[in-house]
Amino acid sequence: MQVAEGVFRLGHPLVNWYAVVDGGRVTLIDSGLTGDASHIVDDLASVGIAPNQVEAVVLTHGHSDHFGGAEEVRTTAGAHVHVHNADAAYVRGKPPLQNLVRAPRLLRHASREFLGTMRFFISHGLLRPTAVKVVDEFDDGAILPVPGAPRVVHVPGHTAGSSALFLASRGVAFTGDALVTLDCYSGRTGPRLLARESNDDNAAALASLETLAGLKARVVLPGHGDPFNGEIRDAVAAAKAAGAA
Ligand SMILES: [Zn+2]
Ligand SMILES: [Zn+2]
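A short tour of the structure in this document, coming up.

Spatially, five strands are ordered S8-S9-S10-S13-S14 in an open sheet, and the strand pairing comes out mixed. In this open sheet, the two edge strands, each paired with only one partner strand, are strand S8 (151-154) and strand S14 (228-229). Relative to S14, strand S13 (residues 219-222) is paired through two bridges, and the arrangement is antiparallel. Its bridge partner being in S14, Val-220 is matched across the sheet by Phe-228.

In C-alpha cells:
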C-alpha cells in the first residue's frame, strides 16, 4: 500500500485516496466516497496512522467520489479541507449542474464495467454526498501550508477547479481525475483521460496534460487506477495516444 516515499494508497480498486506522511503529521489527498467515511479511521489505522495525526484533506477536485469522507475527517480529526476555489461550491454542497446533462450521456457506456461502476458508486453514496461545512480555497501555484507541502498545479478540464498536487522533494504527482490509469466508465486501463462525457471541458482537459508533462514527477498517483511508476511526461504521451485511438 506504500506507493512512494511516505505515501500510502488507500480506498478500493475503483477510487483512490492517499495519505502523505511528513514526520508524524499527515495530509490526505482526497477522501473517497460518502460510504467510505464510516471506515476511514480503520483504513488509516491499517497503515499505522491515528486520526489525530491528520491535519489536512487536500482535494484534487469537487466530485463526490473524492470528497466523501472529508467532512468526517474535518469533524473527528479537526483537519482543514482544501480545494481549488473554482470547485469549492460543489464541496460545500452545490452539485455541478453539468452532472444533470452528463448522466444520460454517460449511459452510452452501457458496458458491464460502466454498470458495475455505477452500481458500486451509487451504493457508496455518490448521489448523497456529505457537504463539507468549512472549506479553505486555494489557487494555482500555491504551496499549501499542510504536511508534505504540496504545490497546486491547476489542470482544469475534468472540472474547472481540477488540480494536481505535486510533492517536489519526493517527485510525486497526484493527478486526481485530470490523468487516470483506469477509466471507470469504460473499464480501460493505462494512462488516459476519463471518458469525455465525464469532463466539463474535454479540450481543456487535453490542454492540461501539457501542464502535467512539465512536472518533474517520477511517480504518478491518479484518482482512479494503479500508480504509474515512471516520468510523468511518458504517462502524458500514453494518455494522448490513448485519446487519439
Ligand atoms: Zn471526477
Ligand atoms: Zn473520480
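On we go.
This part is about the coordination of the zinc ion (ligand 2). Around the zinc ion (ligand 2), the protein contributes the donor atoms Asp-65 (OD), His-66 (NE2), Asp-177 (OD) and His-224 (NE2), at 2.1 to 2.3 Å from the metal centre. Taken together, the four donor atoms coordinating the zinc ion (ligand 2) span angles of 92 to 155° at the metal, a pattern that classifies the geometry as irregular. Taken in chain order, the donor set of the zinc ion (ligand 2) reads D-H-x110-D-x46-H. Between the zinc ion (ligand 2) and the zinc ion (ligand 1) the interatomic distance amounts to 3.4 Å, and Asp-177 serves as a bridging ligand to the pair. Pair noted here: His-66 is in the loop between strand S5 (54-58) and helix H2 (70-77) and His-224 is in the loop between S13 and S14, with a separation of 158 residues, a long-range link.

Here Asp-177 shows up in the loop between strand S10 (172-176) and strand S11 (180-182). The exposure class assigned to Asp-177 is buried, which follows from its relative accessible area of 4%. At 3.2 Å, the side chain of Asp-177 and the side chain of His-158 are in polar contact. Not counting residues within four places of it along the chain, the set of residues in contact with Asp-177 comprises His-61, Asp-65, His-66, His-158, Leu-194, Gly-223 and His-224.

Further remarks concern the packing of aromatic side chains. In this structure the tally under the stated criterion is two aromatic pairs. Ring centres of Tyr-18 and Phe-174 lie 5.2 Å apart, and the angle between their planes is 55°; on these two criteria the pair is classed as tilted. Here the residue Tyr-18 occupies a position in strand S3 (residues 15-22), and Phe-174 occupies one in strand S10, the gap between them amounting to 156 residues. Overall, the relative accessible area of 2% leaves Tyr-18 in the buried class. Between Phe-120 and Phe-121, the aromatic rings sit 6.4 Å apart at their centres with planes inclined by 55°, giving tilted as the arrangement.

Rules used throughout
- Residues numbered from 1 in each chain as written.
- Chains lettered and ligands numbered in written order.
- Predicted model: local features only at pLDDT ≥ 70, side-chain atom pairs only at ≥ 80, totals over all residues.
- Heavy atoms only, no water.
- Pairing = 2+ DSSP bridges.
- Helix = DSSP H or I, 4+ residues; strand = E, 2+ residues; numbered from the N terminus.
- Donors = N, O, S within 2.8 Å, 3.2 Å for Na, K, Ca; no water.
- Tetrahedral: all angles 85-135°; square planar, octahedral: opposite > 155°, others 65-115°.
- Buried < 20%, exposed > 50% of the residue type's maximum accessible area, 1.4 Å probe, protein only.
- Polar contact = N/O pair within 3.5 Å; in protein donor to acceptor, adjacent residues only side chain to side chain.
- Contact = heavy atoms within 4.5 Å.
- Phe/Tyr/Trp six-rings, centres within 6.5 Å; stacked < 30°, edge-to-face > 60°.

Honestly, it's all geometry; don't read function into it.
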